[in-house]
Amino acid sequence: ADGVASTACGMARSQSVVSTLLVSLMMAAGLLFAVVQWRRLLSSSTSFDIFLSHHKGGAGNTARLMKLFLSQGTRARVFYDADNLNSLDLLFEAVRSSRRVVVILSAETAQRPWCVGELAVAYQSGVPIVPVVLPSGQRLLDTLDAGSHALSDEALELLAPYDITRDDVAEVMEHVVFALEKEYSESAADATQRVVRRICGGDAGAPRQSSGLLPRDLLADLRRFKPDELTKSADRASIVVAGGGDGIEAASAAVYLKLELQRSTQEPVALAVVESRRLPLEAVEALQPSSIIYVVLTEGVFRSAPLAAFLALAARRGALLQPVTTLQDFAFPSAAFLRQLAVEGVPLGATRGVAEEALDACMPEGWTWSGAAAAQERASGDEEPLSTEEVSGAWQCLFRQIAMPCNLNSSSEDAIREQVAALVARASSRLRRQLSDNRHTLDPAGHSSGLALRRKASTLWTRVPSSGSTTAASSGTTTRYARGDARGASGATTASG
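Read on for an overview of the structure. If you're wondering where the values come from, they're calculated on a predicted model, not measured in any experiment. Here the residue numbers are simple positions, counted from 1 along each chain's written sequence. In keeping with the model being predicted, local features are shown solely for residues with a pLDDT of at least 70 and side-chain atom pairs are shown and tallied solely at 80 or more, while totals for entire chains, interfaces and linings include all residues. Computation of side-chain values: all heavy atoms of the structure, hydrogens and water removed.

Moving on: the environment of E356. Here a strand is any run of E in DSSP of at least two residues, a helix any run of H or I of at least four, and the numbering for each starts at the N terminus. Within the secondary structure, E356 is located in helix α16 (residues 352-361). Buried, partly exposed and exposed residues are distinguished by accessible area as a fraction of the type maximum, computed with a 1.4 Å probe on protein chains only: under 20%, between the cut-offs, and over 50%, respectively. With relative accessibility at 22%, the residue E356 sits in the partly exposed group. In this structure E356 touches L386, S387 and T388, once residues within four positions along its chain are discounted. Polar contact is defined as a pair of N or O atoms within 3.5 Å, subject to the rule that within protein one atom must be able to donate a hydrogen and the other to accept it, and that residues adjacent in sequence are counted only when both atoms are side-chain atoms. Side-chain polar atoms of E356 contact the backbone nitrogen of T388, separated by 3.1 Å. In this description, contact between two residues means that some pair of their heavy atoms is separated by no more than 4.5 Å.

Attention now goes to the nonpolar core. Definition used in this section: a nonpolar core is a set of buried Ala, Val, Leu, Ile, Met, Phe, Trp, Tyr and Cys residues joined via side-chain atoms within 4.5 Å. With 54 residues, the main nonpolar core has L65, F69, V241, L257, L261 and Y294 as its most contacted residues. Sort the elements by how many residues they give to this core and helix α12 (residues 247-265) lands first, with 8 residues. Apart from residues no more than four positions distant in its own chain, V241 is found in contact with A254, L257, K258, L261, V269, A270, L271, A272, Y294 and V296. Counting residues in each nonpolar core, the second largest holds 44 residues, with L297, V301, A308 and A394 among its members.

This part covers the packing of aromatic side chains. The pairing test for Phe, Tyr and Trp rings, Trp by its six-membered ring, is centres within 6.5 Å, and the orientation test on the planes gives stacked under 30 degrees, edge-to-face over 60, and tilted for anything in between. By the definition in use, this model includes 12 aromatic pairs. Taking the centre distance of 5.2 Å and the plane angle of 80° together, the rings of F48 and F79 count as edge-to-face. Taken together, the residues span a long stretch of sequence, with F48 in strand β1 (residues 48-53) and F79 in strand β2 (residues 78-79) at a distance of 31 residues. You'll find F48 and F79 in the same group, each marked buried. Here the aromatic rings of F330 and F332 are separated by 5.0 Å at their centres, their planes lie at 90°, and the arrangement is edge-to-face. Side by side, F330 and F332 carry an identical accessibility label, which is buried. It is R64 that lies over the ring of Y80; its NZ or CZ is 4.1 Å from the centre. In this analysis the charged atom, NZ for Lys or CZ for Arg, is taken to sit over a ring once it is within 6 Å of the ring centre and within 35 degrees of the ring normal.

Dropping the structure here:
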């Protein structure tokens with residue numbers, strides 16, 4: 001009897017242990033389920049790590065490039081309206097579901113209702129705001145500092161359905177101007193680096209909340225992030241992106257196109273002009289008939305002496321020139337403009353002499369024009385300084401080609417990649433035709449006849465009739481020259497020479 005009782009007692013103890021284990025396992029499973037559900041809820045409430053708030057007219061290219069940097073260099077989920085927004089009714093929900101709002105302050109940010117609305121919603125929702133001040137944004141800060149930050153009545157009417165009032169606008173703008181630490185930058189790469197350091201180091205004065213905390217793997221990505229590695233220019237590349245318009249927006253467009261061309265072609269791409277007042281020697285030495293030069297057309301591009309010098313040298317050596325428009329309303333030059341450039345040097349200088357001195361000053365360090373070269377060496381065309389006639393001819397050579405669009409501002413990322421693919425296909429097709437064409441005589445070094453090209457350039461501008469007419473680019477028509485007109489792909493405005 002004692003044995004039976006002992007066995008029963010042992011079985012009871014075993015069953016108790018098993019029951020305890022089962023209960024513990026069930027509790028662990030329930031806890032794990034709760035954690036998973038909590039993580040899913042947190043993930044759904046924070047759809048984006050960074051929301052890029054910007055005014056398209058003043059910072060669209062820069063914001064687009066900043067997103068590309070972050071997308072290629074980290075795993076950050078970045079909101080850019082043209083990529084992630086299908087309806088304005090969802091705009092402010094995207095702000096609320098972001099961990100950070102990075103606002104890129106340019107000259108007109110405070111006058112744009114949707115930009116101000118994004119800031120107001122972020123402020124009300126406790127989403128940390130990181131202000132980045134571009135060069136044009138300093139004027140905005142001066143204006144706001146003086147107390148002028150009122151939106152127009154029409155702009156406020158757009159925000160009224162979302163319960164954003166004039167007082168809300170005044171409160172958030174005062175917060176941005178006086179309470180927040182700002183990051184000042186003159187390039188997209190530097191701005192992105194500063195934002196990353198700011199996020200990794202913690203936002204001064206930002207509320208510590210779950211939506212603002214970044215996952216550890218993303219923080220590790222951000223700490224390793226080096227945008228300079230993405231923008232390194234290749235030496236002696238056969239593909240070159242050249243741009244020289246006004247300010248950070250023009251530079252951002254050129255850098256973005258370089259990165260997209262590298263992705264599309266899987267070849268190294270060089271960058272010329274945008275970051276220096278002098279041409280890089282390696283870019284000049286690499287020019288040859290097999291080179292493809294993508295010329296980015298942005299505001300102020302005709303005032304850039306370095307770009308003018310580079311185009312003229314590219315034309316001397318027979319490189320293929322392909323215009324690329326990043327603005328829907330880019331104003332192509334008229335016949336009178338090109339004639340004035342050739343004869344008077346305007347807008348490169350007040351006089352032809354001043355303009356040609358500016359062109360000469362853009363040549364690489366240590367560059368000399370070999371005036372005493374032998375006749376066969378002079379054929380390469382590099383023994384004579386550049387002239388304004390030659391620059392005018394180079395611009396006309398460029399605009400005899402159909403300008404292809406690469407609309408960074410309003411196109412989605414997928415649409416931009418389609419535009420770049422079309423751009424590469426057209427340039428490659430033209431290059432094959434050009435290399436098989438016997439129109440250019442090549443010297444022993446493989447250069448097109450510089451003498452013939454200079455003669456061609458010096459006469460091109462004289463062929464444009466004085467009656468040549470120009471229509472505004474924004475009207476959707478084209479600039480007319482002696483050889484008729486041409487229209488760009490996908491509705492882009494173009495010019496023909």
